[in-house]
Amino acid sequence: MNEYDVIVVGGGIHGAGVLQAAAAAGHSALLLEKGTLASGTSSRSSKLIHGGLRYLESGQFALVRESLRERAILLRIAAELVELKPFFIPVYRDTHRRPWQLRCGLAVYALLGGFDSSTRFGSVPKRDWGQLDGLETRGLDAVIRYHDAQTDDAQLTRAVVQSALILGAELAMPADFVAARLDQSGVTVVYQQGNSTLERRARVLVNAAGPWATETAQRIQPAISIPDVDLVQGSHIVVPLQVTAGIYYVESPQDGRAVFIMPWKGATLVGTTETPYRGEPGQVHPLPEEEDYLLCVARRYFPALNAVTRAQIIERFAGLRVLPAASQAAFDRSRETIFSVDRDPNPRVLGIYGGKLTRCRACLEPHQRLAARGIDAGGDG
């Protein structure tokens, strides 16, 4: 039976990151992906590498600081995939957040980002408003400009996996995780590939299955503790408008939520929503009411879209966030990654639940240390 130091379940950005980190540390590693790389949430995000400006309102300063640090690192090490873009926040007479509040928030943003050149911000002069892609100017009081980054999430995930493969990692795809059996020295992993049922040994199993992480954990025997999480659907639409000046960070006229309107492959991407999801993760899709919601937001800011109907949407997709279970609205919940282990010390199973695309590299550091402990201990309890 083939043996590995680490077997990773899930070919999204977190699984890709674990695979690369393990291979870079000299460990033998195998990734199991049941479909294609980035086929789940990691190809259905808002395509942003950002510091999380809105998280300042809920006092998540450590999250913002870390996100800004990670953004700077990704801009440096993945410059061909992560690009700094101007962001515009239009402020109208009926906008909840006033210009002075946004400037104060951006000053804190710059402070947490170490006053790097990428954290500079200011106002767009009124004489230049006509250059903002047909943005509605009636009732417009100010336009605040700052910078964050955009990426192709699926391409980024594939690039990380390719890097891991060059370092010696292995990939089984498509390969459906069936079960895992724990013993004192590690874990036996069973998976289906084609018509074959295969078994592989590992010192550590990493559950990075995203929306399927709970289902994956339930297939491990003896049973392990599973975090209490909710799935929240985030839908996006692509509409026939070409914005070129930058990315617009706007406020929904219905409920004040933050929505992004951004250039995407010659058209315009609008997202996202936050709708509780109870179904099978593979069946997630935008709901008609979500599409109407996003169209309403886009029309509020770009009159050229007033005549666009749902039938004219070019593309639509929905991804699933994994958030801590709570009664409060999804918009107000923490985006911190949830980590779990089957035992401490010397874990045999590590679980990753939730997290942000921006922090995919940083959030893996605790798991890398835990995995190393499990590997170095040889699984001995």
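Each chain has its residues counted from 1, following the order in which its sequence is written. It should be noted that, the model being predicted, local features are given only for residues of pLDDT at least 70 and side-chain atom pairs only at 80 or more, the latter also being counted only at that level, while totals for whole chains, interfaces and linings use all residues. Side-chain numbers here rest on the full set of heavy atoms in the structure, without hydrogens or water.

1. Here's the deal with the overall build of the chain
Basically, it comes down to this: Runs of H or I in DSSP of at least four residues are treated as helices and runs of E of at least two as strands, each being numbered from the N terminus. Taken over C-alpha atoms, the radius of gyration is set against a globule rule of 2.2 Å times the number of residues to the power 0.38. Only protein chains enter the calculation, and the probe is 1.4 Å; a residue is then buried if its accessible area is under 20% of its type maximum, exposed if over 50%, and partly exposed in between. We score Asp and Glu as negative and Lys and Arg as positive, and we do not count His or the chain ends. A charge is said to be at NZ when it belongs to Lys, at CZ for Arg, at CG for Asp and at CD for Glu.
Helix and strand content of the chain: seven helices and 19 strands. Relative to the 2.2 N^0.38 estimate, which gives 21 Å for 381 residues, the radius of gyration of the chain is 22 Å and therefore close to what a compact globule would have. Projecting the C-alpha coordinates of the chain onto the three principal axes gives extents of approximately 70 × 45 × 40 Å. For the chain, with 381 residues in total, the buried portion stands at 56%. Positive and negative side-chain charges of the chain, numbering 41 and 40 respectively, have mean locations separated by a distance of 5 Å.

2. Description of the packing of helix H1 (residues 13–24) against helix H4 (residues 153–166)
Going by this rule: In this analysis an axis means a line fitted to C-alpha atoms, helices contributing only their contacting stretch, and an angle means the value between N-to-C directions, from 0 to 180 degrees. Put simply, angles under 35 degrees are roughly parallel, angles over 145 are roughly antiparallel, angles from 65 to 115 are roughly perpendicular, and the rest are oblique. By the definition used in this description, the sense in which the near helix is turned from the far one sets the handedness, with an anticlockwise turn below a right angle giving left-handed and a clockwise turn giving right-handed. Here a residue-residue contact requires only that any non-hydrogen atoms of the pair lie within 4.5 Å. All residues other than Ala, Val, Leu, Ile, Met, Phe, Trp, Tyr, Cys, Pro, Asp, Glu, Lys and Arg, Gly among them, are scored as polar; the first ten of these are nonpolar and the last four charged.
Where H1 meets H4, the axes come as close as 8 Å, and the angle between the chain directions of the two elements is 20 degrees. In terms of orientation, H1 and H4 fall into the roughly parallel class. At the point where H1 passes H4, the crossing takes the left-handed sense. Between H1, through Ile13, Ala16, Gly17, Leu19, Gln20 and Ala23, and H4, the contact on the second element is made entirely by Leu156, Thr157, Val160, Val161, Ser163 and Ala164. Taken together, the residues that form the contact of H1 with H4 break down as eight nonpolar, four polar and no charged.

3. Some words on the packing of helix H2 (residues 61–77) against helix H3 (residues 99–112)
Helix packing for two helices is described by the angle between their axes and how far apart those axes are. Packing of H2 against H3 brings their axes to within 9 Å, and their N-to-C directions diverge by 60 degrees. When the axes of H2 and H3 are compared, the pair comes out oblique. Of the two possible hands of crossing, H2 and H3 adopt the one that is right-handed. Contacts between H2 and H3 involve Phe61, Val64, Arg65 and Leu68 from the former and Val108, Tyr109 and Leu112 from the latter.

4. Side note on helix H6 (residues 288–301)
As a reminder, the rule being used: Expected helix span is given by 1.5 Å per residue-to-residue step, counting one fewer step than there are residues.
With 14 residues, H6 extends 21 Å between its outermost C-alpha atoms, agreeing within 8% with the 20 Å of an ideal straight helix rising 1.5 Å per residue. Burial in H6 covers these residues: Glu290, Glu291, Tyr293, Leu294, Leu295, Val297, Ala298 and Tyr301.

5. Focus on the pairing of strand S6 (residues 140–151)
The line we're drawing: Between any two strands, at least two bridges found by DSSP are needed for them to pair.
Counting buried residues in S6 gives nine out of 12 residues, a clear majority hidden from the surface. The sheet contact formed by strand S3 (residues 48–49) and S6 spans two bridges and is antiparallel. Opposite isoleucine 49, over in S6, you have alanine 149 as the bridge partner. The sheet contact formed by strand S4 (residues 82–92) and S6 spans 11 bridges and is antiparallel. If you follow isoleucine 89 over to S6, its bridge partner there is isoleucine 144.

6. Looking at the pattern of salt bridges
Keep this limit in mind: Salt-bridge detection follows one rule: a side-chain nitrogen of Lys or Arg within 4 Å of a carboxyl oxygen of Asp or Glu.
Applying the stated rule across the entire model yields 18 salt bridges. Taking the shortest distance from any N to any O, the salt bridge between lysine 47 and aspartate 153 comes out at 3.0 Å. Here lysine 47, found in the loop between strand S2 (29–32) and S3, pairs with aspartate 153, found in helix H4; they are 106 residues apart in sequence, far enough to count as distant. Taking the relative accessible area as the measure of exposure, lysine 47 reaches 4% and is therefore buried. Between arginine 138 and glutamate 136 there is a salt bridge, and its shortest N-O distance comes to 3.1 Å. Taking the relative accessible area as the measure of exposure, glutamate 136 reaches 12% and is therefore buried.

7. Description of the nonpolar core
For clarity, the threshold we go by: Put simply, buried Ala, Val, Leu, Ile, Met, Phe, Trp, Tyr and Cys residues joined by side-chain atoms within 4.5 Å make one nonpolar core.
If you look at the biggest cluster of nonpolar residues, it comprises 31 residues, and the most contacted ones within it are Ile7, Leu32, Phe177, Val189, Leu205 and Ile220. In contact with leucine 32, other than residues within four places in its own chain, are Ile7, Val8, Val9, Gly10, Gly11, Ala172, Ala175, Phe177, Val189 and Tyr191. Core analysis: the next-biggest nonpolar cluster, separate from the first, contains 28 residues, Ala16, Val18, Leu74 and Val160 among them.

8. With respect to H4
Put simply, the rule reads: Throughout, the arc means the angular range of directions from the helix axis out to the C-beta atoms. Two N or O atoms count as a polar contact when they lie within 3.5 Å, although within protein this holds only if one can serve as hydrogen donor and the other as acceptor, and sequence-adjacent residues are included solely when both atoms are side-chain atoms.
Between the first and last C-alpha of H4 there are 20 Å, a value that for 14 residues agrees with the 20 Å anticipated at 1.5 Å per step. Turning to H4, its buried residues number three or more, namely Asp153, Ala154, Leu156, Thr157, Val160, Val161 and Ala164. The buried residues of H4 occupy an angular sector of 165 degrees when the element is viewed end-on, so they sit on one face. The N-cap residue of H4 is aspartate 152: its side-chain oxygen and the backbone nitrogen of alanine 154 are 3.2 Å apart.

9. A look at the packing of aromatic side chains
Heads up, the rule is: Ring pairs shown here join Phe, Tyr and Trp side chains whose ring centres sit within 6.5 Å, with only the six-membered ring taken for Trp; geometry is labelled stacked below 30 degrees between planes, edge-to-face above 60, and tilted in between. In this analysis the charged atom, NZ for Lys or CZ for Arg, is taken to sit over a ring once it is within 6 Å of the ring centre and within 35 degrees of the ring normal.
In total, this model carries seven aromatic pairs according to the counting rule given. With 5.4 Å between their ring centres and 45 degrees between their planes, phenylalanine 87 and tyrosine 146 make a pair best called tilted. Of the two residues, phenylalanine 87 sits in strand S4 while tyrosine 146 sits in strand S6, which places them 59 residues apart along the sequence. A ring pair is formed by tyrosine 249 and phenylalanine 260, whose centres lie 4.8 Å apart and whose planes are at 35 degrees; its orientation type is tilted. Of the two residues, tyrosine 249 sits in strand S13 (residues 247–251) while phenylalanine 260 sits in strand S14 (residues 258–264), which places them 11 residues apart along the sequence. An aromatic cluster of three or more residues is present, and its members are Phe87, Tyr109, Tyr146, Tyr249 and Phe260. One residue, arginine 300, lies across the ring of tyrosine 92, its end atom 4.2 Å from the ring centre. Against the face of tyrosine 301 rests arginine 300, its NZ or CZ located 5.2 Å from the ring centre.

10. Looking at the side chain of lysine 47
Among the polar contacts made by the side chain of lysine 47, one reaches the side chain of aspartate 153 at a distance of 3.0 Å. Leaving out residues up to four positions away in the same chain, lysine 47 has contacts with Ala149, Gln150, Thr151, Asp153, Trp264, Leu269 and Phe317.

11. Overview of the environment of glutamate 136
Assignment of secondary structure puts glutamate 136 in the loop between strand S5 (122–123) and S6. Separated by 22 residues in sequence, glutamate 136 and arginine 158 have C-alpha atoms that sit 38 Å apart. Apart from residues lying up to four places away in sequence, glutamate 136 is in contact with Tyr92, Arg300, Tyr301 and Pro303.

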